[in-house]
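If you want the building blocks of each chain, they are given just below.
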Amino acid sequence: IRSRIVEQDNAELNDLVKKLGSESFKEREAATKKLTQIHNKQVGQLRKLRANTTDPEVRERIDHVMGLIKNQVATAVWHDYARVLSVINTDDSEKLMKDFDLKALLR
């Protein structure tokens, strides 16, 4: 069952990457948006698809998507860090919260 799910996910990923090279701007934009919502486990497959494409538009869009995913992950990590520091609530944690403006993440 798991292998069927992986195959289905990879097929969807392949289809979205193909759409990045579409003649239609709306289709390219929709595929880009959908790709930013992929599961972390699919990032490796996305990298492979990028390496196998010769279309500069597709490569550029995949690079953009990978950057967005990286920022989403970094934001999530900082948010978790801020929550931990707010629970610890020591002078050092307060200083870190202030220095990195982490309280804004908890709002």
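Here the structure is a predicted model, which is why all the values come from computation and not from measurement. (Residues numbered from 1 in each chain as written. Predicted model: local features only at pLDDT ≥ 70, side-chain atom pairs only at ≥ 80, totals over all residues. Heavy atoms only, no water.)

Asks: Explain helix H4 (residues 56-88) here, please?
Replies: Since the α-helix turns once every 3.6 residues, residues separated by three or four places project in the same direction. Across its 33 residues, H4 extends 48 Å between first and last C-alpha, which sits within 8% of the 48 Å expected from 1.5 Å per residue. Among the residues of H4, those classed as buried are Val58, Arg61, Ile62, Val65, Met66, Ile69, Ala82 and Leu85. Capping of H4 at its N-terminal end is provided by aspartate 55; its side-chain oxygen lies 2.8 Å from the backbone amide nitrogen of glutamate 57. Positioned one or two residues after H4, asparagine 89 has a phi angle of 50°, which is positive. (Helix = DSSP H or I, 4+ residues; strand = E, 2+ residues; numbered from the N terminus. Expected span 1.5 Å × (residues − 1). Buried < 20%, exposed > 50% of the residue type's maximum accessible area, 1.4 Å probe, protein only. Polar contact = N/O pair within 3.5 Å; in protein donor to acceptor, adjacent residues only side chain to side chain.)

Asks: What am I meant to see in the packing of helix H3 (residues 43-52) against H4 here?
Replies: Two quantities define a packed helix pair, namely the angle between the helix axes and the distance between the axes. For the pair H3 and H4, interaxial distance at closest approach is 10 Å and the crossing angle is 160°. Here H3 is positioned roughly antiparallel relative to H4, judged by the angle of their axes. Crossing of H3 over H4 shows left-handed handedness. Listed contacts from H4 to Val43, Leu46, Arg47, Arg50 and Ala51 of H3 are Arg59, Ile62, Asp63, Val65, Met66 and Ile69. Of the residues belonging to the contact of H3 with H4, the class tally is seven nonpolar, no polar and four charged. (Axes fitted to C-alpha atoms, helices over the stretch in contact; angles between N-to-C directions. Parallel < 35°, antiparallel > 145°, perpendicular 65-115°, else oblique. Left-handed = near helix turned anticlockwise from the far one by under 90°. Contact = heavy atoms within 4.5 Å. Nonpolar A, V, L, I, M, F, W, Y, C, P; charged D, E, K, R; others polar.)

Asks: What is the right way to read H3 from this model?
Replies: Among all positions in H3, only Val43, Leu46 and Leu49 are buried. Projected down its long axis, H3 carries its buried residues within an arc of 115°, all on one side. Of the residues in H3, the exposed ones pointing more than 90 degrees away from the buried face are Arg47, Lys48, Ala51 and Asn52. (Arc of directions from axis to C-beta.)

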